[in-house]
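Take a look at the letters that make up each chain.
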Amino acid sequence: MTAPDIEPFQRYLETLTPPNVAGLGALVARDVRFIDPFHDVSGAVAMEKVFAAIFISLANVRFTVTDRAWSGSAWYLRWRFEGERRQGSQIIAFDGMSEIYFDDDGKVRFYRDHWDAAQGLYERLPLLGPILRWLRRRIADGA
């Protein structure tokens, strides 16, 4: 099997802004399935809503692909996500990986993001963060 062209989808992710969220429909199947630590949605419109929601609480969003690989039937993208909270100007940054499958028409039919929600987001919350960081250290120390 020949690898589908990942370039247009990667370019879309790396240049994602509020005005171009709607361009997703040209790159994904109508019944695309998107999964991440907070969402499990089906359909291009539902996936667009998830992407648009990013910009409600974050500014200066950057999604940078740092590596990619094709294996069998899937693309794997390693990436860095960064954004600035609109309230408090706190930087949110974390690394993750996506697995992406294409249909016969060259459109994304399945897209799953893998990233550590605790380290990437929960540990940065004012009340919950210190507790989760303490718990992570205790587990790492074998307690």
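Residues numbered from 1 in each chain as written. Predicted model: local features only at pLDDT ≥ 70, side-chain atom pairs only at ≥ 80, totals over all residues. Heavy atoms only, no water.

*Asks:* Lay out the pattern of salt bridges with the relevant residues and their values.
*Replies:* Scanning all chains against the criterion turns up five salt bridges. The salt bridge involving Arg62 is made with Glu82; its shortest N-O contact spans 3.6 Å. With a gap of 20 residues between them, Arg62 in strand S3 (residues 58-71) and Glu82 in strand S4 (residues 74-85) connect regions that are remote in the sequence. Residue classification places Arg62 among the partly exposed residues on the basis of a relative accessible area of 38%. (Salt bridge = Lys/Arg side-chain N within 4 Å of Asp/Glu carboxyl O. Helix = DSSP H or I, 4+ residues; strand = E, 2+ residues; numbered from the N terminus. Buried < 20%, exposed > 50% of the residue type's maximum accessible area, 1.4 Å probe, protein only.)

*Asks:* Residues and numbers for the pairing of S4, please.
*Replies:* Sheet analysis places S3 next to S4, joined by 11 bridges and oriented antiparallel. Within S4, the residue paired with Arg68 across the bridge is Leu77. Counting the residues between successive antiparallel strands, the hairpin from S3 to S4 contains two residues, one of them, Gly72, with a positive phi of roughly 65 degrees. The pairing of S4 with strand S5 (residues 91-102) spans 10 bridges and is antiparallel. Among the inter-strand pairings, Glu84 is bridged to a residue of S5, identified as Ile91. Taken together, S4 and the strand that follows it, S5, pair antiparallel across an intervening segment of five residues, in which Gly88 is found at a positive phi of about 95 degrees. (Pairing = 2+ DSSP bridges.)

*Asks:* Residue-level account of the nonpolar core, with values.
*Replies:* Core analysis: the largest hydrophobic core is formed by 32 residues, its most contacted members being Phe9, Met47, Phe51, Ile100 and Tyr111. At five residues, the largest contribution of residues to this core is made by helix H2 (residues 44-57). When sequence neighbours within four positions are dropped, the list of residues in contact with Met47 reads Phe9, Leu24, Val28, Val32, Phe34, Val41 and Tyr111. (Core = buried A, V, L, I, M, F, W, Y, C linked by side-chain atoms within 4.5 Å. Contact = heavy atoms within 4.5 Å.)

*Asks:* Can you tell me about the packing of aromatic side chains, naming the residues and giving the values?
*Replies:* Summed over the entire model, instances satisfying the criterion amount to 13 aromatic pairs. With 5.2 Å between their ring centres and 70 degrees between their planes, Phe34 and Tyr111 make a pair best called edge-to-face. Here Tyr111 lies in strand S6 (residues 108-115) and Phe34 lies in strand S1 (residues 28-35), a separation of 77 residues in the sequence. Here Phe34 falls in the buried class, since its relative accessible area comes to 2%. Taken together, the ring pairs connect Phe38, Phe63, Trp79, Phe81, Phe94 and Trp115 into an aromatic cluster. (Phe/Tyr/Trp six-rings, centres within 6.5 Å; stacked < 30°, edge-to-face > 60°.)

*Asks:* Any details on the layout of surface pockets? Residues and values, ideally.
*Replies:* Taken as a whole, the largest pocket encloses approximately 640 Å³ of empty space. Looking at the largest pocket, it is lined by 27 residues, and the ones nearest its centre are Ile54, Leu58, Phe81, Phe94 and Trp115. Elements with a contribution of two residues or more to the lining of the largest pocket: H2, S3, S4, S5 and S6. Top contributing element to the lining of the largest pocket by residue count: H2, with six residues. For the lining of the largest pocket, the residue count by class is 20 nonpolar, three polar and four charged. (1 Å grid on protein atoms, 1.4 Å probe; cavity = no way out; pocket = protein on both sides within 12 Å on 5 of 7 lines; lining within 4 Å. Points joined across faces, edges and corners; volume = space filled by probe spheres on them. Nonpolar A, V, L, I, M, F, W, Y, C, P; charged D, E, K, R; others polar.)

*Asks:* Tell me what's going on with H2, and back it up with residues and numbers.
*Replies:* Buried residues of H2: Ala44, Met47, Val50, Phe51 and Phe55, and no others. For H2, the arc enclosing every buried residue in end-on projection is 150 degrees, short of the 170-degree limit, so these residues lie on one face. Turned more than 90 degrees away from the buried face of H2, the exposed residues are Val45, Lys49 and Ile56. (Arc of directions from axis to C-beta.)

*Asks:* Go over the pairing of S6 with me, naming the residues and quoting the values.
*Replies:* Where S1 meets S6, four bridges bridge the pair, whose relative direction is parallel. Of the residues in S6, the one forming a bridge with Arg33 is Phe110. Alignment of S5 against S6, held across seven bridges, turns out to be antiparallel. In the strand pairing of S6, Tyr101 is matched with Phe110.

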